[in-house]
Amino acid sequence: MAETTVTEVLAELAELEDPRIRAVNERHGDDHGVNLTQLRAVAKRLKTQQDLAVELWASRDTAARLLALLICRPKAFERDELDAMLRDARTPKVHDWLVGYVVKKNPHAEELRLAWIDDPDPAVASAGWALTSDRVAKKPDGLDLTALLDTIEADMKDAPDRLQWAMNTCLAQIGIEHAEFRARALDIGERLKVLEDYPTPPNCTSPYAPSWINEMVRRKELAAR
């Protein structure tokens, strides 16, 4: 099969561009207009291609970077590469996919979590908190949950939006996954009222931590019966 070039991929993404999708995405800070289902179809066809992924990322085009994160080999990146990529991610969707699809699967994830969580850049710090939430849910051994709750209680209320969201997610995960800390997590959420009025579609769980915690615990209890 002939090797696909970055020029060919960029041309294909340009053809998929939809001004209506771009208008919606730009309201959320994402400067691209490619339907994500179509983007994933392109990634499925291309399969894993690390070299192409690196070239697509270097293009700085948001849709190309999202595609790059789908076709890359997460374990192939060095720590400093991922750090530079996060600081250059620019848009929320690229930032989220980089952390969720690549960094979490990389051998340097824990080292980066520790480095990022106290970073002065709130977008970088939010990545550290996102990785912490993942550990709270999947590999909590070694985490100081009391200290995390102390930091959330002190800093979440006045944190910038992106960092606040990530800290709130960590708060909810602690309350959902760790019964011994649930009462305190609920109390912090109820007192700080972060995202209490966040518009939530019907049949979706609110990101307001007390509602989120209670709903997920309810589901777990139902599933255990």
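Parameters and conventions
- Residues numbered from 1 in each chain as written.
- Predicted model: local features only at pLDDT ≥ 70, side-chain atom pairs only at ≥ 80, totals over all residues.
- Heavy atoms only, no water.
- Helix = DSSP H or I, 4+ residues; strand = E, 2+ residues; numbered from the N terminus.
- Rg over C-alpha atoms; globule rule 2.2 N^0.38 Å.
- Buried < 20%, exposed > 50% of the residue type's maximum accessible area, 1.4 Å probe, protein only.
- Contact = heavy atoms within 4.5 Å.
- Areas by Shrake-Rupley, 256 points an atom, 1.4 Å probe, with all protein chains shown as cover.
- Lys, Arg positive; Asp, Glu negative; His and termini not counted.
- Charge placed at Lys NZ, Arg CZ, Asp CG, Glu CD.
- Phe/Tyr/Trp six-rings, centres within 6.5 Å; stacked < 30°, edge-to-face > 60°.
- Core = buried A, V, L, I, M, F, W, Y, C linked by side-chain atoms within 4.5 Å.
- Polar contact = N/O pair within 3.5 Å; in protein donor to acceptor, adjacent residues only side chain to side chain.
- Salt bridge = Lys/Arg side-chain N within 4 Å of Asp/Glu carboxyl O.

Along its length, the chain carries 13 helices and 0 strands. The helix and strand sequence of the chain, counted from the amino end, reads α-α-α-α-α-α-α-α-α-α-α-α-α. A globule of 225 residues ought to have a C-alpha radius of gyration of about 17 Å, and the chain, at 19 Å, matches this closely. Structurally, the chain occupies a C-alpha span of about 60 × 40 × 40 Å along its principal axes. Counting over 225 residues, the chain shows a buried share of 45%. Counting only contacts in the chain whose residues sit at least 6 apart along the sequence, the fraction spanning at least 24 positions is 63%. Carbon together with sulfur atoms contributes 52% to the accessible area of the chain, which is approximately 12100 Å² in total. Looking at charge distribution, the chain has the averaged site of its 31 positive side-chain charges lying 6 Å from that of its 39 negative ones.

Moving on, we come to the environment of Glu55. Here Glu55 lies in helix α4 (residues 50-58). Note: C-alpha distance between Glu55 and Val6 (49 residues apart in sequence) is 6.6 Å.

The next subject is the packing of aromatic side chains. By the definition in use, this model includes 2 aromatic pairs. On the numbers, 5.2 Å between centres and 45° between planes, the contact of Trp97 with Tyr101 is tilted. Here Trp97 pairs with Tyr101, and both are found in helix α7 (residues 92-102), just 4 residues apart, close to one helical turn. A relative accessible area of 6% means that Trp97 is categorised as buried.

Membership of the largest hydrophobic core comes to 37 residues, with the highest contact counts inside it found for Leu56, Leu67 and Leu98. Residue assignment for this core shows that the elements contributing at least two residues are α1 (6-16), α3 (36-46), α4, α5 (62-71), α6 (79-87), α7, α8 (109-116) and α9 (122-138). In terms of residues, this core owes the most to one element, α5, which gives 7 residues. With sequence-adjacent residues up to four places away left out, Leu67 is seen in contact with Val9, Leu13, Leu39, Val42, Ala43, Leu46 and Leu56. Counting 30 residues, the second-largest nonpolar core is a separate cluster that includes Trp129, Met167, Ile188 and Trp212.

This paragraph deals with the environment of Gln164. Turning to its location among the elements, Gln164 is positioned in helix α11 (residues 161-177). What makes Gln164 buried here is its relative accessible area of 13%. Considered as a pair, Gln164 and Met85 are 79 residues apart in the sequence and their alpha carbons are 22 Å apart. Other than its neighbours up to four places away in sequence, Gln164 contacts Met156, Lys157, Ala159 and Val194. Engagement of the side chain of Gln164 in a polar contact is seen with the backbone oxygen of Lys157, the distance being 3.2 Å.

Before going further, it helps to spend a moment on the side chain of Asn106. Examined against the element boundaries, Asn106 turns out to sit in the loop between α7 and α8. Reaching out from Asn106, the side chain makes a polar contact with the backbone oxygen of Pro74 at a distance of 2.8 Å. A polar atom in the side chain of Asn106 sits 2.9 Å from the backbone oxygen of Phe77. Non-local contacts of Asn106, meaning those with residues more than four positions away in its chain, are made with Pro74, Lys75, Phe77 and Leu82.

The next subject is the pattern of salt bridges. Per the stated rule, a full pass over the model turns up 23 salt bridges. Arg79 is the partner of Asp80 in a salt bridge, and the nearest nitrogen-oxygen pair spans 3.2 Å. The shortest N-O distance in the salt bridge between Arg87 and Asp83 comes to 3.0 Å. Of this pair, Arg87 and Asp83 both sit in helix α6, 4 residues apart, which is roughly one turn of the helix. The class of Arg87 is partly exposed, set by a relative accessible area of 45%. By relative accessible area, which is 15% here, Asp83 ends up buried. Salt bridges sharing common partners tie together Asp150, Glu153, Arg184, Asp187 and Arg191.

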